[in-house]
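Commentary on secondary and tertiary structure
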Amino acid sequence: MTKDLSMYWKKNLTYMVILLTIWGVVSYGFGIFFVEQLNNFYLGGFPLGFWFAQQGAIYVFVVLIFVYYFLMQKLDREFDVNE
Amino acid sequence: MSILAWTYIMVFLTFSLYLSIAWIARVKTTKGFYVAGGGVSPLANGMATAADWMSAASFISMAGMVSFMGYGGSIYLLGWTGGYVLLALFLAPYLRKFGKFTVPDFVGDRYYSDTARLVALICAIFVSLTYVAGQMRGVGIVFSRFLEVDVNTGVMIGMAIVFFYAALGGMKGITYTQVAQYVVLIFAYVITAVAISIMITGHFIPQIGFGSVITSGPDTGKYLLETIDALHRDLGFSEYTQAFGPGSKGMLDVFCITLALMVGTAGLPHVIIRFYTVPSVRGARISAGYALLFIALLYTTAPAVASFARYNMINTLHETPYSEAPSWVRNWEQTGLIAWVDKTGDGIMHYAPGDAFEGRPSFTGETGEFGQRLVSNPITDNANEMFIDRDIMVLANPEIANLPAWIIALVAAGGLAAALSTASGLLIVVSSSISHDLYYRMINRQATEAQRLLVGRVMIGVAVMIAGYFGINPPGFVAQVVAFAFGLAASSFFPIIVLGIFDKRTNREGCITGMILGMGFTFFYIIHVNFMGAAPWFLGISAEGIGAVGMAINFIAAVVVSRLTPPPPQEVQDMVESIRYPRGSSSAYDH
């Protein structure tokens, strides 16, 4: 049982690392550090870096939270720790 | 019907709604008072969190800041949304499983120390009071602009309303009024944005509209953002979409400010405690998603509003004779949010970089040859003749778009909803910190339920009075609230709570050292740079961004000191283990 639970926690941490990496890439990566390079590309009338900083990153944030919710729902059931 | 009449009707209707909800949701138990009984549905909690979070500044000022800063305004858009990902992944589910009433509760129990509890309690009160002062001022300003009453009268009306529903219903009353306030504010915000988007680009979704082509006027067929960039070049501004360049913040500074705002968001007590009100860990996870979804609705609309407003403003004002200016220019000149000094003496308004004169306009009471209000401020020698308050970008939008009077009134009601909902969420934090953490946990463990409720209600009254006092006599630091509230939340709570959940080895000594060093450094830096006029000496990072450094200091100090001192007792480590798994969560319990 204890071994099981440490696997549960490890998987949770893995999900977190992956999701937080995406979180950092879209906001700090695309929106700040590489904004000038991305601004050479366009999405309709939006310079791409500018779009990530004012729109895209925020959409990704919302999606990340829901993805985490669904992943954890599955994980909770798998390890039988759901409420 | 006139705008004023409509505004009275809207404000009366919405306030009656809030008060009725508060009456229905009144509570008799401390559990109801502090965590709304723990039975709020995740969807309702998401809306309440969104209203709690979006203050007068988000509603009224943010689009204006983005409008004047262009790309630079992204720090607020990213910073005030990205924190919810941290909240959803690092904090909300675990604090919900832990299941006590307040943030100092967690810090005090996890670090088995009343000193830690006390430090957390002082941080919570300080952060919340700084923040609430600005909200009360916001209420006063909306009242004075739309209802033509004195700012101070506005503040008093706001105080009375908030006191009534917060004292009566505690967290429960606040939660359900916030749900109503969210609906009012988002409807008011989005409907005007949609109307303007259709007017300029023909798109009814503003988020798409501001990346589209203009469909009327002299710039027909050109992309909106491209057109604004060109206007900026002509007038001597740096381009609207340009990220870094002369006169803008450096990349490291932008990074630090965004990080400090994100982490600060996740560490603000009035946001965290909202997640104690849902019935389960699962509920806490999804509720954070709903909250960000509802917040994103406004935060993705704001940059669209910002660019529409920028385009409209430059087009209608620059090189237009004052005598031919649209009526909203004069309306807002009357309230002091617009001023024009005719430097060239040609009767034409010229807009350019720099301030037209020093400070905010102080009108002499006389009018010039074109009927403009004269100011007594020292005039600067640049080419700019216009003073335009950034708040106007949202407040004047419906008039610019020729929307009917009832929508203008709705925007006023929306601004009030935004300010009141945030103020009430902050007041409950101050009240629970004192009545629960200080009075019940540290002074009188034998207090009865009735005594504790009474203390809670009295403390709401005291907190409202303090907030009202600062609303009427705004201290100089209201403008620095952002730096203070977010910097301190980022450098105190966030690292300590995260370590408390993810690192069993972090102990009492590490926690106290980390909080004191992290917060002490941040506090000192903000005072030094913002109040004593020092240059930003740490890698050029401005006061708004220093919380990110304070957070790092807190993390490092807490981890290092914990390794050098004895580990936490076994029962604390067991408690940390248990909050990691959702099973067995009851609703928030008393203790």
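Reading the values: the criteria
- Residues numbered from 1 in each chain as written.
- Chains lettered and ligands numbered in written order.
- Predicted model: local features only at pLDDT ≥ 70, side-chain atom pairs only at ≥ 80, totals over all residues.
- Heavy atoms only, no water.
- Helix = DSSP H or I, 4+ residues; strand = E, 2+ residues; numbered from the N terminus.
- Rg over C-alpha atoms; globule rule 2.2 N^0.38 Å.
- Buried < 20%, exposed > 50% of the residue type's maximum accessible area, 1.4 Å probe, protein only.
- Contact = heavy atoms within 4.5 Å.
- Areas by Shrake-Rupley, 256 points an atom, 1.4 Å probe, with all protein chains shown as cover.
- Lys, Arg positive; Asp, Glu negative; His and termini not counted.
- Charge placed at Lys NZ, Arg CZ, Asp CG, Glu CD.
- Expected span 1.5 Å × (residues − 1).
- Arc of directions from axis to C-beta.
- UniProt positions renumbered as here; feature names shortened; annotations may be inferred.
- Salt bridge = Lys/Arg side-chain N within 4 Å of Asp/Glu carboxyl O.
- Buried area = accessible area lost by both parts, 1.4 Å probe.
- Polar contact = N/O pair within 3.5 Å; in protein donor to acceptor, adjacent residues only side chain to side chain.
- Pairing = 2+ DSSP bridges.
- Core = buried A, V, L, I, M, F, W, Y, C linked by side-chain atoms within 4.5 Å.
- Phe/Tyr/Trp six-rings, centres within 6.5 Å; stacked < 30°, edge-to-face > 60°.
- Axes fitted to C-alpha atoms, helices over the stretch in contact; angles between N-to-C directions.
- Parallel < 35°, antiparallel > 145°, perpendicular 65-115°, else oblique.
- Left-handed = near helix turned anticlockwise from the far one by under 90°.
- Nonpolar A, V, L, I, M, F, W, Y, C, P; charged D, E, K, R; others polar.

Once that is clear, we can look at the overall build of chain A. Helix and strand content of chain A: 3 helices and 2 strands. Reading the helices (α) and strands (β) of chain A from amino to carboxyl end gives α-α-β-β-α. Rg of the C-alpha trace for chain A: 17 Å, well past the compact-globule value of 12 Å for 83 residues, more than 25% over. Expressed along its principal axes, the backbone C-alpha trace of chain A runs to roughly 55 × 20 × 15 Å. Counting every position in chain A, which comprises 83 residues, the buried fraction comes to 55%. Within chain A, contacts between residues at least 6 apart in sequence are counted, and of these 59% link residues at least 24 apart. Carbon and sulfur atoms make up 71% of the accessible area of chain A, which amounts to about 4,000 Å² in all. With 5 positive and 6 negative side-chain charges, chain A shows a separation of 8 Å between the mean positions of the two kinds.

Of the regular secondary structure elements, chain B holds 22 helices and 6 strands. Relative to the compact-globule value of 25 Å for 591 residues, chain B shows a C-alpha radius of gyration of 24 Å, a close match. Along the first, second and third principal axes, the C-alpha atoms of chain B reach 80 × 50 × 45 Å. The long-range fraction of contacts in chain B, counting pairs at least 24 apart against all pairs at least 6 apart in sequence, stands at 81%.

This brings us to helix α1 (residues 3-24) of chain B. Residue and element names in this part refer to chain B. The end-to-end C-alpha distance of α1 is 32 Å, a good match for the 32 Å that 22 residues give at a rise of 1.5 Å each. Buried within α1 are the following residues: Thr7, Met10, Val11, Thr14, Phe15, Tyr18, Ile21 and Ala22. Here the buried residues of α1 occupy an arc of 120 degrees about the axis, which is enough to place them on one side. The outward face of α1, more than 90 degrees from its buried face, is lined by the exposed residues Phe12, Leu13 and Ile24. Those residues of α1 hidden inside the fold are in contact with α7 (114-146), α8 (151-201) and α17 (405-443).

A few words on the UniProt feature "domain: Sodium symporter small subunit" (unreviewed entry) in chain A. In the numbering used here, UniProt assigns the "domain: Sodium symporter small subunit" (unreviewed entry) feature to residues 7-82 of chain A. Helix makes up 82% of residues 7-82 of chain A and strand 5%, and the two end C-alpha atoms of the span are 15 Å apart.

So, on to the pattern of salt bridges. Residue and element names in this part refer to chain B. Scanning the model with the defined rule gives 15 salt bridges over all chains in all. Of the charged contacts, one joins Lys100 and Asp109 as a salt bridge, the two residues approaching to 2.4 Å between their closest N and O atoms. Note on Lys100: relative accessible area 6%, which makes it buried. One salt bridge in this structure joins Asp114 and Arg117, with 3.1 Å as the shortest N-O distance. Pair noted here: Asp114 and Arg117 are both in helix α7, with a separation of 3 residues, about one helical turn. Looking at Arg117, the relative accessible area reads 4%, which means it is buried. Through salt bridges with shared partners, one network takes in Lys100, Asp105, Asp109, Asp114, Arg117 and Arg441.

What follows covers the interface of chain A and chain B. Across the boundary between the two partners, chain A contributes 43 residues, which contact 51 residues of chain B. For the pairing of chain A and chain B, the buried interface totals around 4,400 Å² over both sides, and the portion due to carbon and sulfur atoms is 71%. The largest contributions to the chain A side of the interface with chain B come from A:Trp9, A:Ile65 and A:Glu83, which together make up 16% of the buried area. On inspection of chain A and its partner chain B, the count reaches 2 salt bridges. Taking the shortest distance from any N to any O, the salt bridge between B:Arg583 and A:Asp80 comes out at 3.0 Å. Applying the counting criterion to the chain A and chain B interface returns 14 residue pairs in polar contact (both at pLDDT 80 or more). Residue assignment for the side of chain A that touches chain B shows that the elements contributing at least two residues are α1 (2-33), α2 (35-38), β2 (46-47) and α3 (48-78) of chain A.

Next up on the list: the pairing of strand β4 (residues 363-367) of chain B. Side-chain positions along a regular strand alternate between the two faces of the sheet. All names here are of chain B. With 0 of its 5 residues buried, β4 lies for the most part at the surface. Relative to strand β5 (residues 373-375), β4 runs antiparallel, the two sharing 2 bridges. Opposite Phe363, over in β5, you have Val375 as the bridge partner.

Within soluble globular proteins, side chains that are nonpolar tend to cluster in buried spots. B:Trp53, B:Leu91 and B:Tyr299 are the most contacted members of the largest nonpolar core, which totals 240 residues. Judged by nonpolar contacts, the second largest core, of 6 residues, contains B:Val341, B:Phe357, B:Val375 and B:Phe387.

Now for the packing of aromatic side chains. Where two aromatic rings form a pair, the distance of their centres and the angle of their planes describe that pair. All names here are of chain B. With the rule as written, the count across this model stands at 41 aromatic pairs over all chains. Plain terms: the ring middles of Tyr34 and Phe101 are 5.2 Å apart, the flat faces sit at 45 degrees to each other, and that makes the pair tilted. Placement of Tyr34 in helix α2 (residues 30-35) and of Phe101 in the loop between α5 (74-98) and α6 (103-110) is noted, with a sequence separation of 67 residues between them. Its relative accessible area of 3% is what places Tyr34 among the buried residues. Assessed through its relative accessible area of 2%, Phe101 is described here as buried. When the centroid spacing of 4.9 Å and the interplanar angle of 10 degrees are considered together, the rings of Tyr322 and Trp340 count as stacked. Taken together, the positions of Tyr322 in the loop between β1 (320-321) and α14 (327-334) and Trp340 in strand β2 (residues 338-340) put the pair 18 residues apart, joining distant regions of the chain. For the pair formed by Tyr322 and Trp340, the shared burial category is buried.

Another point: the packing of α8(B) against α17(B). All names here are of chain B. As a packed pair, α8 and α17 sit with axes 6 Å apart at the nearest point and diverge in direction by 140 degrees. With respect to α17, the axis of α8 lies oblique. Of the two elements, α8 crosses α17, and the hand of that crossing is left-handed. Across the contact of α8 with α17, the residue classes tally to 19 nonpolar, 9 polar and no charged.

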